[in-house]
Amino acid sequence: MNQQNIILVLKDFMPPDCSCKIEDKLVAQTGVLDASVNPIEDVISVTYDADQVTLDAIKHVLHQCGYRCEEEHDHTAHAHMEHEHHEEHEHHEEHDHHEEHDHHEGHEGHEEHHDHHAMMERDMRNRFWVSLVITIPVLLLSPTIQDWFRFSLPSFAGSNYLLFALASAITVYGGWPFYKGAIQALSNRILDMMVLVSLAVISGYLFSAASTFVFEAVDFYWEISSLVVVLLLGHWLEMRAIRGATGALRELTKLIPPTANRIEGDDIQTIPTSQVQEDDLLLVRPGEKIPIDGIVEEGQTSVNEAMITGESLPVKKDKGDAVIGGTINAEGSIQIRVNRTGEETALAQIIKLVKEAQASKPRSQKLADRAAHYLTLVAIIVGVGTFVFWGVLANEPIVFALTLAITVVVIACPHALGLAIPTVTTISTTLAARNGMLIKNAEATERARELNVVVFDKTGTLTRGEFGVTDVILLDGWTEEEILARAAALEVYSEHVIAQGIVRTAQERGLSIPKGESFEAIPGKGATGVVDGQQLLIGNWRLMQDEGLVSDEPTDAVNSLAAQGKTVIYVADDQKVRGAIALADLIRSESFEAVEALKSVGVQVAMLTGDNHRVAEYVAKELQLDIFFAEVLPGDKSSKIQELQSQGKKVAMVGDGINDAPALTQANVGIAIGAGTDVAVESADVVLVRNDPRDIVKLVRLSRATMKKMRQNLAWATGYNAVAIPVAAGV
């Protein structure tokens, strides 16, 4: 199987209550494995077997359903178009309404440069205001309105015909978007809200026209005119809400600046960012945005990466350091060599993950989509039943029965159900991305709400993944600073991780490290050399015994450190042992906060490690973990996750996304932490850009807040329809 996933951008508006039927039509095609529509972003994610079906065939199915589509643009090209569109929008603001409308009618040549929801919003807004102006005289001329408000206008011949003409203009011009949508829906054998609205408006209009020209009865001119105006207002506000929900992701795209400064010999050329090629040399001045991913070749600076990683403090950059496109150069002028372009850049990968998450659907949304579709059927059935009951069985006037029937059809709102969840998903996934949390599918958000155990891989996650000095034991004559500084003077010549830990600690403490000489490594034991003219030995207890510097056992203090799983290194001169240095994989300070915060929200914290039991027990005790597993081989990590799941627990696994891949896949939610700019971790449901365990707490809280808001939206949408439809039916 040659499985592929593609995100297609829809060029035509798809009502939320149509999405499930379109998905069904796609999945019914041989080779299409899954399809998911996001009505907020107007995109559809399709998973298919390229050996059985082609992308053109998938597009053809959508075209047959009345929806044009195209593949997503390269993110830099898309960003360039966003900037162009912004400039075009400012330009069009200077034109009058007529020119703006003409532009919308003939936008085909520049369609890809525009936001479809923005155009829909403007169209609904224009139709609303025109219809509202025409509706005012309809209301004033209507006898019913005059009776209600106790006023009268001078009667004149042909007033009914004037009402008919005005109502006709509103019905045709104001109602056209609904008729167009209804025709499209019916051609696909779908009953949606557009069909409901069209049915209500046209039936009311035809009845009123008949009362004007055929028989004598009360007309519905003011009712259908007001109905069209209210519906246009509702759809206008809906388009505004949708466009607001998509705005945050659009801002991510616009992080890429429109131009870049390319260095060519002694010249600097300003070119569109979309034309930047790999291996180009770019100049980035202070205060400018870095146009694309690259490596610093010249200069020093600090970079604000908050918009990508969520890191609030500027990050120092020197020659050889990587920089991310879309971040802001703070203080120094630098030259960067482009190493990634197009879809390979960090920002492009982030945007891709966010859009895939927004196009995916949690179980609750799939149910809501089905409910929205069937609500249309329910509204039509109840509307017909209402007319039959009141007009035939209850023997009420036909006008009364028809009024209630039309009210039932109009008051139902399947769009509320269809938009209840994708609106929240769109906002939450984008908000997460701006804080360095990349949610790869919406179901992960749903599952994260139910978590009751979070399992951390120890090394590099709860700990720093590097040795550091935890204790210095004074044994004879030397101060703590002397022991560390002299040990570092020799260890600076060694590549061993323990040696590097001693040197790093001495540097972090600001100690003056003397010059060492005659360094010689002693395999398996330590090293020797000369510091300040004095012979020095650094190594384990066995080395001290071999040199005749000790005869008895280590002190209780040293034994206590060794019992905690720490590595103890002794420092001696040619006369006696002067001190001992204990090292361990240092626990991150953030880990204490993360564990405490997870427990505060009712989540147990566990740890997996390949280290021995003493080391694991020490870390677990320090962090006050609920569960820990020691001496676990990489291949056995997934079995430990299964063990917890067999106890009925919902488990999240937090690891680096490489060695932990099987465990990440086995967990209910797999979280790859510390991915940095390498966000394409296939085995994870969630990718955390920063290596900060506190982000796990943020993820759990965001997930719970997201699901709470989804439930609230569904409750309001369901409650409204459950109450409004029976009331409208006269119950």
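As a reminder, the structure under discussion sits directly above these lines.
Remember, predicted model here, so these are calculated numbers, not experimental data. (Residues numbered from 1 in each chain as written. Predicted model: local features only at pLDDT ≥ 70, side-chain atom pairs only at ≥ 80, totals over all residues. Heavy atoms only, no water.)

Trainee: Account for the pattern of salt bridges, naming residues and giving values.
Mentor: Counted under the stated rule, the structure contains 24 salt bridges. Residue R449 is joined to E450 by a salt bridge in which the shortest nitrogen-to-oxygen separation is 3.6 Å. In this structure, D573 engages R578 in a salt bridge whose closest nitrogen and oxygen atoms are separated by 2.8 Å. The residues D573 and R578 share a single accessibility class, namely buried. (Salt bridge = Lys/Arg side-chain N within 4 Å of Asp/Glu carboxyl O. Buried < 20%, exposed > 50% of the residue type's maximum accessible area, 1.4 Å probe, protein only.)

Trainee: Quick one: what's the story with the packing of aromatic side chains, residue by residue and with numbers?
Mentor: Evaluated as defined, the whole model comprises ten aromatic pairs. Between W390 and F400 the ring centres are 5.6 Å apart and the planes differ by 90°, which places this aromatic pair in the edge-to-face class. On the criterion of sequence distance, the pair formed by W390 in helix α13 (residues 363–393) and F400 in helix α14 (residues 398–411) is long-range, its members being ten residues apart. What links up through ring pairs into an aromatic cluster is the set Y161, F164, Y205, F213 and Y221. (Phe/Tyr/Trp six-rings, centres within 6.5 Å; stacked < 30°, edge-to-face > 60°. Helix = DSSP H or I, 4+ residues; strand = E, 2+ residues; numbered from the N terminus.)

Trainee: Give a description of the side chain of S225 that names residues and reports values.
Mentor: Note on placement: S225 falls in helix α10 (residues 221–253). On the accessibility criterion, S225 (1% relative accessible area) is buried. Residues within four places of S225 in sequence aside, it is in contact with T135, V138, A167 and I170. (Contact = heavy atoms within 4.5 Å.)

Trainee: Go over the nonpolar core with me, naming the residues and quoting the values.
Mentor: Counting 65 residues, the largest nonpolar core has L8, L26, I44, V46, I58 and L62 as its most contacted members. Non-local contacts of L62, meaning those with residues more than four positions away in its chain, are made with L8, L10, I22, L26, I44, Y67 and C69. (Core = buried A, V, L, I, M, F, W, Y, C linked by side-chain atoms within 4.5 Å.)

Trainee: Which residues make up the pairing of strand β8 (residues 294–298), and what values do they have?
Mentor: Pairing between β8 and strand β11 (residues 322–323): two bridges, direction antiparallel. Looking at β11, one finds that G294 is bridged to V323. With four bridges connecting them, β8 and strand β13 (residues 334–338) associate as antiparallel partners. Following the sheet pairing, E298 is matched in β13 by Q335. (Pairing = 2+ DSSP bridges.)

Trainee: Before we move on, could you go through the pairing of strand β21 (residues 577–587) and cite the residues and values that matter?
Mentor: The buried fraction of β21 amounts to eleven of the eleven residues, a majority that puts the element mostly inside the structure. As judged from the eight bridges shared by strand β16 (residues 463–474) and β21, these two strands associate in the antiparallel manner. Bridge pairing in β21 places L474 opposite G579. For strand β20 (residues 567–573) and β21, the ladder comprises six bridges, and the chain directions are antiparallel. Looking at the pairing, Y570 lines up with A580 of β21. If you look at the hairpin formed by β20 and β21, you'll find three residues sitting between the two strands.

Trainee: Mind laying out the sheet that holds β13, listing which residues take part and the relevant values?
Mentor: Think of a sheet as strands paired side by side through backbone hydrogen bonds, with each pair either parallel or antiparallel. The six strands are arranged β6-β5-β7-β13-β8-β11 in an open sheet whose pairing can be described as antiparallel. Each edge of the open sheet is held by one strand with a lone partner, namely β6 (267–272) and β11. Where strand β7 (residues 281–284) lies against β13, four bridges are found, and the strand directions are antiparallel. Bridge pairing in β13 links L282 to I336.

Trainee: So, the sheet that holds strand β15 (residues 453–457): which residues are in play, and what are the values?
Mentor: Here we have seven strands laid out as an open sheet, ordered β14-β26-β25-β24-β15-β22-β23, and mixed in their pairing. The open sheet is flanked by β14 (437–439) and β23 (627–629), the only strands paired with a single partner. When strand polarity is set aside, the average angle formed by the axes of neighbouring strands in this sheet is 20°. Where β15 lies against strand β22 (residues 604–608), five bridges are found, and the strand directions are parallel. Its bridge partner lying in β22, V453 is registered against Q604. In the packing of helix α24 (residues 613–623) onto the sheet, contacts are made with β22 and β23, and the angle to β23 comes to roughly 160°. (Axes fitted to C-alpha atoms, helices over the stretch in contact; angles between N-to-C directions.)

Trainee: For a nonpolar patch on the surface, give the residues involved together with the corresponding values.
Mentor: Where nonpolar side chains cluster on the molecular surface, the patch consists of V384, V388, F389, V392 and L393 and spans about 480 Å² of accessible area. Looking at the element boundaries, V392 is found in helix α13. (Patch = residues over 30% accessible without salt bridge, like charges linked within 9 Å, V, L, I, M, F, W, Y side chains within 5 Å. Areas by Shrake-Rupley, 256 points an atom, 1.4 Å probe, with all protein chains shown as cover.)

Trainee: Account for unusual backbone geometry, naming residues and giving values.
Mentor: For N395, which is not a glycine, the phi torsion comes out positive at approximately 55°. Tracing the sequence through the fold places N395 in the loop between α13 and α14. You will see that S518, though not glycine, has its phi angle at about 50°, which is positive. Among the structural elements, S518 can be located in strand β17 (residues 516–522). Judged by its relative accessible area of 57%, S518 falls in the exposed class.

Trainee: Lay out the packing of helix α23 (residues 589–600) against helix α27 (residues 694–728) in plain terms, naming residues and giving numbers.
Mentor: Contact geometry for α23 and α27: axes closest at 7 Å, N-to-C directions at 25°. Classified by the angle between their axes, α23 and α27 sit roughly parallel to one another. Side by side, α23 and α27 meet where E590, E593, A594, A597, L598 and S600 of the first sit next to R694, I696, V697, V700 and R701 of the second. (Parallel < 35°, antiparallel > 145°, perpendicular 65-115°, else oblique.)

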